[in-house]
Amino acid sequence: QVQLVESGGDLVQPGGSLRLSCTASGIRFSNYEMSWYRQAPGKERELVARITSGGATNYVDSVKGRFTISRDNVKKTMFLQMNSLQPEDTAVYYCNSYWSTINQEFWGKGTLVTVSS
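Quick notes on the rules
- Sequence order sets the numbering: in each chain, residues are counted from 1 along the sequence as written.
- In keeping with the model being predicted, local features are shown solely for residues with a pLDDT of at least 70 and side-chain atom pairs are shown and tallied solely at 80 or more, while totals for entire chains, interfaces and linings include all residues.
- As a rule here, side-chain values cover all heavy atoms of the structure and leave hydrogens and water aside.
- Disulfide assignment relies on a single distance test, namely cysteine sulfur atoms paired within 2.5 Å.
- Segments assigned H or I by DSSP are reported as helices when at least four residues long, segments assigned E as strands when at least two residues long, and all are numbered from the N terminus.
- Here the term buried applies to any residue with accessible area under 20% of the maximum for its type, exposed to any over 50%, and partly exposed to those in between, with areas from a 1.4 Å probe on protein chains only.
- For two strands to be treated as a pair, DSSP must find at least two bridges joining them.
- We define a salt bridge as a contact between a side-chain nitrogen of Lys or Arg and a carboxyl oxygen of Asp or Glu at a distance within 4 Å.
- Any pair of residues with heavy atoms lying within 4.5 Å of one another is described as a contacting pair.
- Throughout this description, a polar contact denotes any pair of N or O atoms lying within 3.5 Å of each other; where both atoms belong to protein, one of them has to be capable of donating a hydrogen while the other can accept it, and for residues adjacent in sequence the pair is counted only when both atoms sit in side chains.

A. Layout of the state of the cysteines. If you walk through the whole model with that rule in mind, you get one disulfide. There is a disulfide in this structure between cysteine 22 and cysteine 95, and the S-S distance comes to 1.9 Å. Judged by the torsion about the S-S bond (-70 degrees), the cysteine 22/cysteine 95 disulfide is left-handed. Here cysteine 22, found in strand E3 (residues 18–25), pairs with cysteine 95, found in strand E9 (residues 91–99); they are 73 residues apart in sequence, far enough to count as distant. Here the two residues cysteine 22 and cysteine 95 agree in accessibility, since each one is buried.

B. Region of the structure containing the pairing of strand E10 (residues 104–107). Looking at chain direction, E9 and E10 are connected through four bridges and run antiparallel. Looking at the pairing, tryptophan 99 lines up with glutamine 104 of E10. Hairpin connection from E9 to E10: four residues lie between these consecutive antiparallel strands, with asparagine 103 at a positive phi of about 50 degrees.

C. How the structure looks around the pattern of salt bridges. Under the counting rule described, the total for this entry stands at five salt bridges. Residues arginine 38 and glutamate 46 are paired through a salt bridge, measuring 2.7 Å at the closest nitrogen-oxygen approach. By relative accessible area, which is 5% here, arginine 38 ends up buried. Classification of glutamate 46 by relative accessible area gives partly exposed; the value is 30%. Through salt bridges with shared partners, a single network forms among Arg38, Glu46, Arg66 and Asp89.

D. Layout of the environment of arginine 66. For arginine 66, the location among the structural elements is in the loop between strand E6 (57–59) and strand E7 (67–72). The exposure class assigned to arginine 66 is buried, which follows from its relative accessible area of 11%. Considering only alpha carbons, one finds arginine 66 and asparagine 83, 17 residues apart in sequence, at a separation of 5.1 Å.

E. View of the environment of threonine 90. Turning to its location among the elements, threonine 90 is positioned in the loop between strand E8 (77–82) and E9. Discounting chain neighbours no more than four positions away, the residues touching threonine 90 are Ala40, Val113, Thr114 and Val115. Within the structure, threonine 90 has its side chain in polar contact with the backbone nitrogen of valine 115 (distance 2.9 Å).

Here it is, written out as structure tokens:
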């Protein structure tokens, strides 16, 4: 079966760093655009960062310069390096994969990031 499994969420102090991982199985990983979304309580889910099958990246303005998205097609894993974390970054972070050619999309179950003193 297709699975996307996130890991790395934790409680961290403001200014701290975390590295999230999303490992995929059951898909041709290299064909898929990979994205990180997040959702805080009472807020809409928002796109945080995206990396295309060709390696192009995109970020929401609020994380530019602090977060870095990357992928390892051999390990079928996507990463999100998060630096200078702020309380506003607190959310459940979700892994998403999308192959436009066949209009196919998958979601992980999420990992919780809490930024607090």
